Amino acid sequence: MVNIDVFNGDADGICALQQLRLNEPFESTLVTGVKREINLLRRVSASAGDRITVLDISLDKNREDLCRLLEEGAEIHYFDHHYAGDIPSHPQLTATIDTSPATCTSLLVNAHLEQRFCAWAVVGAFGDNFDNSAREAAAPLDLNEQQLDQLRQLGIYLNYNGYGATVEDLHFPPDQLFRSLRPYADPLDFIQQSTVFARLKQGYEGDMEKGRQLQPEVETEQYAIYLLPAEPWARRISGVLGNQLAQEAPQRAHALLTRLPDNGYLVSVRAPLETREGADELCRQFPTGGGRKAAAGINHLPEQKLNTFIDKFREIYS
């Protein structure tokens, strides 16, 4: 039997897996990538009896390979909060999927484990921009405001590290980042003892300083659109900058379009935090789009589709 862990390379995917492997500390084959690489099951082969855990990637985007792996005899445990479509009924599949706009994969795992490693779920929720849900989950931990802010910062930095066109854009490959977290049952110990935290903090602050100099191409009371240059720093902050803008103007939708080196755009959409609706509906209209109701994206928006995207964005959020 082979154990395989398949997880999104962002804060939510990593913190979900951290909880599970603290609970069951076995070695496994890790399959992950940049945050936007969600068709991860196509990279997995399995035999009868193999155990696969899938975290924080859309079932709908992995449906064909999920069915293939089930037919190959694998036992699959699936945790996610993105649009799933019809969930296959199969005796070897256990699916914990909740697409409600106030939860994330780390919180689903937290409930599954009966809050055993709650602090890591809080980190994942903060990283996925679920600040209110993170604070609610943290209530049993009896943390002071400084400790809670440290968990929030860690979540943001882990999430920031996942954004890029390729792994080369990132400060740490997500599998390496997960391995650096794994020895720590308490994320506050990781913050104090690991040099990884300091490196992520330094990278985040340097990139966000450049991001703060950006001005929107279009801005109304209902929405704002930003164009970012084809630079690694811009690709790294496209998601966390969108989250920050959403926090600063919760009544407004935001779209960040980062130019790609080979033409076209990497798109990040944040629905207004006051409603948390419509982002996935918008992005799924484009071939490489997907996500969840509050936050979604398009991996490659062709140059000729730019105006179409802007029109549809305005239509949904005006």
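Note that the structure is predicted; figures quoted are calculated from it, not measured. (Residues numbered from 1 in each chain as written. Predicted model: local features only at pLDDT ≥ 70, side-chain atom pairs only at ≥ 80, totals over all residues. Heavy atoms only, no water.)

(A) A look at the overall build of the chain. When helices and strands are tallied, the chain shows 12 helices and 11 strands. Judged by the C-alpha coordinates and their principal axes, the chain covers about 55 × 45 × 35 Å. Within the chain, the proportion of its 318 residues that are buried is 58%. Within the chain, counting contacts between residues at least 6 apart in sequence, those at least 24 apart form 64% of the total. Per element, the accessible surface of the chain, about 13300 Å² overall, is 44% carbon and sulfur. Mean positive and mean negative side-chain charge positions of the chain (30 and 45 charges, respectively) differ by 3 Å. (Helix = DSSP H or I, 4+ residues; strand = E, 2+ residues; numbered from the N terminus. Buried < 20%, exposed > 50% of the residue type's maximum accessible area, 1.4 Å probe, protein only. Contact = heavy atoms within 4.5 Å. Areas by Shrake-Rupley, 256 points an atom, 1.4 Å probe, with all protein chains shown as cover. Lys, Arg positive; Asp, Glu negative; His and termini not counted. Charge placed at Lys NZ, Arg CZ, Asp CG, Glu CD.)

(B) Spotlight on a negative patch on the surface. On the surface, Glu277, Glu281, Asp311 and Glu315 cluster together into a negatively charged patch. Looking at where Glu277 falls in the secondary structure, it is placed in the loop between strand E9 (265-270) and helix H11 (279-283). (Patch = residues over 30% accessible without salt bridge, like charges linked within 9 Å, V, L, I, M, F, W, Y side chains within 5 Å. Salt bridge = Lys/Arg side-chain N within 4 Å of Asp/Glu carboxyl O.)

(C) Broad picture of the environment of Arg51. Tracing the sequence through the fold places Arg51 in strand E3 (residues 51-55). In this structure, Arg51 is in contact with Met1, Val2, Asn3, Ile4, Glu24, Phe26 and Glu75, ignoring residues within four places of it in sequence. Here Glu24 takes part through its side chain, which lies 2.8 Å from a polar atom of the side chain of Arg51. (Polar contact = N/O pair within 3.5 Å; in protein donor to acceptor, adjacent residues only side chain to side chain.)

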